[in-house]
Amino acid sequence: MSDNSQESKARNLSDRLYRGFSLLLLLCVSVYGAIELFFTINQLFNIEERPLYIMGSHNVMALIFGIPVFLLFAVAIVLKELNMLHENLLNAGFKMCGFLFIAMIATRIIYGGFFLDGYLEKHGYSYCGPMTAPKAMAMEVWVSDPGYCLEASRNVSSEVRDWLDAQMAAGVRPTPEEAEQKIKQLAQAYQARFNRF
Amino acid sequence: MRPPHSSGYANLQAEKVKKVQRQTQIAHALEHHQTTLVVMSPEEFIEYALNVKKLHGMTEQASRDWLSAVLDVHGDLQQKWQQHDHQIQFISAFTASGMDAAALGVLARDLQRSGNTFATFQVRYFQGKPHIVFEGYPGLRKHLTGTRYLAANPKVVSMGIGKLGAANAIKTGFVVSVIVSVAFHGLDQLMNDQRTWHHFVGGVAADTIYAVAVSVGSWAVVAGVVGSAAMMAIGPILAVIAVGVGLTFIALYIDSHLQLSKNIAVLLEECEVQLNASMDNVRQVKSYYKSDRIGFLKKLFSIPDIRLFDER
């Protein structure tokens, strides 16, 4: 009998730890998503400061509806812990989750497909494929001068961005010729490393 | 002496015939699968290809035109890949969620036929085993035509119903993500001349790490909520899709800062360089040992070079 009660206590404890981990994960993910969203919106609002390049994403705005999905699950976990998660409440949560998911996809289509490119082009920025990492959801890069976007920067995009950041911090706007020279130099350094194999 | 028409003799003869037939089959198989391996430099290969075309009746000019056309197609393909590689990976990252969404669509349509898309199910125990009992009219449904199913029924699990269905959807999603990642990075290496095996291994390793993280996270969240006695039938699979897509978004945003695949590739490059340097040292030691064994052993065991008598 005492063995059974000890076993059920241990199970309760592991369930609670499990739920605690899930809750922590959901909260961390929500906070991180909110920060990412804040920086993206902030960058778009401060576009008049004319940074040398803009790192954004066609997908990030979908998090406006993605974060409430995480929070919904966090609330469900808390309610379950308090034994207050009834069938009707759970089903209402699932329905809300479905609608938020549809809204998330719709936002991605409207913002990423129709708004972002036009907005940035209107402010003189052009999309730079070679500086965008070949990864799903990778932050995409738009440059203020098409001269900053060279095919040679494909394998050294982070180094090029670091250099542009340093130039911006020093208050210098490099000319396309200077950018070309620097990008070629960085690409040659990469090529030298690549040629070792 | 064995009598010539006994059954034992007949068996022996049959075995002999079978043995001969098997040997003939093996000989044929070996003959068909014989392959000649020729190692060529790129220049030799191009020359070989041009010669083959000439043997087929092409003129010198025509064979050169054919080669430049082939190379142009390859160049175009490379350019198109480089233009659209991140869009391809965006699609590939959500292949697993797309498959789950397809399963959700089939389930929702089936439930709609029986009266309500948001129909619930209940977990009831019959003969000590958990069964899933659906709300609505089973006769109107196309796939779930039974009144009740065992919770571990493959049809129910494959449609993502219940806790087992959710676990199955997450597991399948993980496997699909890894397969798609290997295919993507393999193609990326073919299409981009500057990609090496380091990028391939780094990319697949990073994708696998993120797939594990997303799968574990999705399971932790979904299992924390799903699992009560009664709930909406489409709930678990919907939860898997919504949480899975959300966590994939977050994981990939984190990666755009961490650049895990790139860092793993750089680490592998450095390891290879260090390994090559170590191998060079080993080779030097080996050649020193071969050229002067006594000197090598003296150096190895720090034996002083004592000369008792002057050799002069």
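Conventions adopted
- Residues numbered from 1 in each chain as written.
- Chains lettered and ligands numbered in written order.
- Predicted model: local features only at pLDDT ≥ 70, side-chain atom pairs only at ≥ 80, totals over all residues.
- Helix = DSSP H or I, 4+ residues; strand = E, 2+ residues; numbered from the N terminus.
- Rg over C-alpha atoms; globule rule 2.2 N^0.38 Å.
- Buried ≥ 20, exposed ≤ 12 C-beta atoms within 10 Å, placed from the backbone.
- Contact = placed C-beta atoms within 7 Å.
- Domains from an automatic or database assignment.
- Nonpolar A, V, L, I, M, F, W, Y, C, P; charged D, E, K, R; others polar.
- Core = buried A, V, L, I, M, F, W, Y, C linked by C-beta atoms within 7 Å.
- Pairing = 2+ DSSP bridges.
- Axes fitted to C-alpha atoms, helices over the stretch in contact; angles between N-to-C directions.
- Parallel < 35°, antiparallel > 145°, perpendicular 65-115°, else oblique.
- Left-handed = near helix turned anticlockwise from the far one by under 90°.

Colleague: Describe the overall build of chain A, and please don't skip the residues or the numbers.
Modeller: Within chain A one finds five helices and three strands. For chain A, the α and β elements follow one another from N to C terminus as α-β-α-α-β-β-α-α. Compactness check: chain A gives a C-alpha radius of gyration of 24 Å against a globular reference of 16 Å for 197 residues, more than 25% above the reference. With 197 residues in all, chain A has 33% of them scored as buried. Sequence separation of at least 24 residues holds for 70% of the intrachain contacts in chain A that already meet a minimum separation of 6.

Colleague: Report on the overall build of chain B, specifying residues and quantitative values.
Modeller: Secondary structure summary: chain B contains 10 helices and four strands in total. In chain B, the succession of helices and strands from N to C terminus is α-α-α-α-β-β-β-α-α-α-β-α-α-α. Over its C-alpha atoms chain B spans a radius of gyration of 33 Å, topping by over 25% the 20 Å that the globule rule assigns to 312 residues. With the principal axes as the frame, chain B shows a C-alpha extent of 110 × 85 × 70 Å. Of the contacts formed within chain B by residues at least 6 apart in sequence, a portion of 61% connects residues at least 24 apart.

Colleague: Talk me through the domain arrangement of chain B; I want residue IDs and the actual numbers.
Modeller: Residue and element names in this part refer to chain B. In terms of domains, chain B is made up of domain 1 (91-258) and domain 2 (259-305). Here the C-alpha centroids of domain 1 and domain 2 sit 50 Å apart. Contacts between domain 1 and domain 2 engage 10 residues on the former and eight residues on the latter. At the level of elements, helix 7 (197-225) and helix 8 (235-258) are the ones that each hand at least two residues to the side of domain 1 that touches domain 2. Of the residues that constitute the side of domain 1 that touches domain 2, the class distribution is five nonpolar, four polar and one charged.

Colleague: Summarise the nonpolar core; cite the residues concerned and give the values.
Modeller: In terms of nonpolar packing, the biggest core is built from 69 residues, with Phe73 of chain A together with Ile237 and Ala239 of chain B touching the most fellow members. Broken down by element, the residue count for this core peaks at 14 residues, all from helix 8 of chain B. Ile237 of chain B has contacts with Asp100, Ala103, Leu104, Leu107, Gly160, Gly165, Ala166 and Ala169 of chain B, leaving out every residue within four places of it along the chain. If you look at the next biggest cluster of nonpolar residues, it comprises 18 residues, including Met131, Trp142, Tyr148 and Ala187 of chain A.

Colleague: So what's going on with the domain arrangement of chain A? Which residues, and what values?
Modeller: Split by domain assignment, chain A resolves into domain 1 (2-123) and domain 2 (145-197). If you average the C-alpha positions of domain 1 of chain A and of domain 2 of chain A, the two centres end up 36 Å apart.

Colleague: Account for the environment of Lys298 of chain B, naming residues and giving values.
Modeller: The residue Lys298 of chain B is located in helix 10 (residues 293-300) in this model. When near neighbours in sequence (up to four residues on either side) are disregarded, Lys298 of chain B contacts Ile303 and Asp305 of chain B.

Colleague: Got a sec to walk through the interface of chain B and chain A? Specific residues and values, please.
Modeller: The interface is formed by 37 residues belonging to chain B together with 42 residues belonging to chain A. Of all the elements, helix 8 of chain B adds the most residues to the side of chain B that touches chain A, at 14 residues. Across the side of chain B that touches chain A, the residue classes break down as 20 nonpolar, 14 polar and three charged.

Colleague: Describe the pairing of strand 2 (residues 129-134) of chain B, and please don't skip the residues or the numbers.
Modeller: Residues and elements named next belong to chain B. Across six bridges, strand 1 (residues 120-126) lies against strand 2 in antiparallel orientation. Bridging from a neighbouring strand, Arg124 pairs with His131 of strand 2. What sits between strand 1 and strand 2 in their antiparallel hairpin is a turn of two residues, with Gln127 showing a positive phi close to 50 degrees. Note that strand 2 and strand 3 (residues 148-150) share three bridges and pair antiparallel. Bridge pairing in strand 3 places Val133 opposite Arg148.

Colleague: Break down the environment of Asn88 of chain A for me, with residues and values.
Modeller: Residue and element names in this part refer to chain A. Assignment of secondary structure puts Asn88 in helix 3 (residues 87-122). With 10 C-beta atoms counted inside 10 Å, the residue Asn88 sits in the exposed group. Residues Asn88 and Gly20, spaced 68 residues apart in sequence, show a C-alpha to C-alpha distance of 24 Å.

Colleague: Mind laying out unusual backbone geometry, listing which residues take part and the relevant values?
Modeller: With the exception of glycine, the majority of residues adopt a negative phi angle, and the majority of peptide bonds are in the trans configuration. Residue and element names in this part refer to chain B. The phi angle at Gln127 is positive, at roughly 50 degrees, despite the residue not being glycine. Mapping Gln127 onto the fold places it in the loop between strand 1 and strand 2. In the Ramachandran plot, Gln259 falls in the positive-phi region, its phi being about 50 degrees despite a non-glycine side chain. Assignment of secondary structure puts Gln259 in the loop between helix 8 and helix 9 (260-291).

Colleague: Residues and numbers for the packing of helix 2 (residues 63-81) of chain A against helix 8 of chain B, please.
Modeller: Contact pair helix 2 of chain A / helix 8 of chain B: the axes reach a minimum separation of 10 Å and the direction vectors enclose 120 degrees. It follows from the interaxial angle that helix 2 of chain A and helix 8 of chain B lie oblique. The interaxial crossing formed by helix 2 of chain A with helix 8 of chain B has left-handed handedness. Contacts from Leu63, Gly66, Val69, Phe70 and Phe73 of chain A of helix 2 of chain A reach helix 8 of chain B at Ala242, Val243, Gly246 and Phe249 of chain B. Of the residues contributing to the contact of helix 2 of chain A with helix 8 of chain B, the split by class is seven nonpolar, two polar and no charged.

Colleague: Explain the sheet that holds strand 3 (residues 140-143) of chain A residue by residue, including any values.
Modeller: All names here are of chain A. The three strands are arranged 1-3-2 in an open sheet whose pairing can be described as antiparallel. The sheet terminates laterally at strand 1 (53-56) and strand 2 (126-127), the two strands that pair on one side only. Direction of pairing for strand 2 relative to strand 3: antiparallel, over a ladder of two bridges. In the sheet register, Ser126 faces strand 3, and the bridge partner there is Val143.

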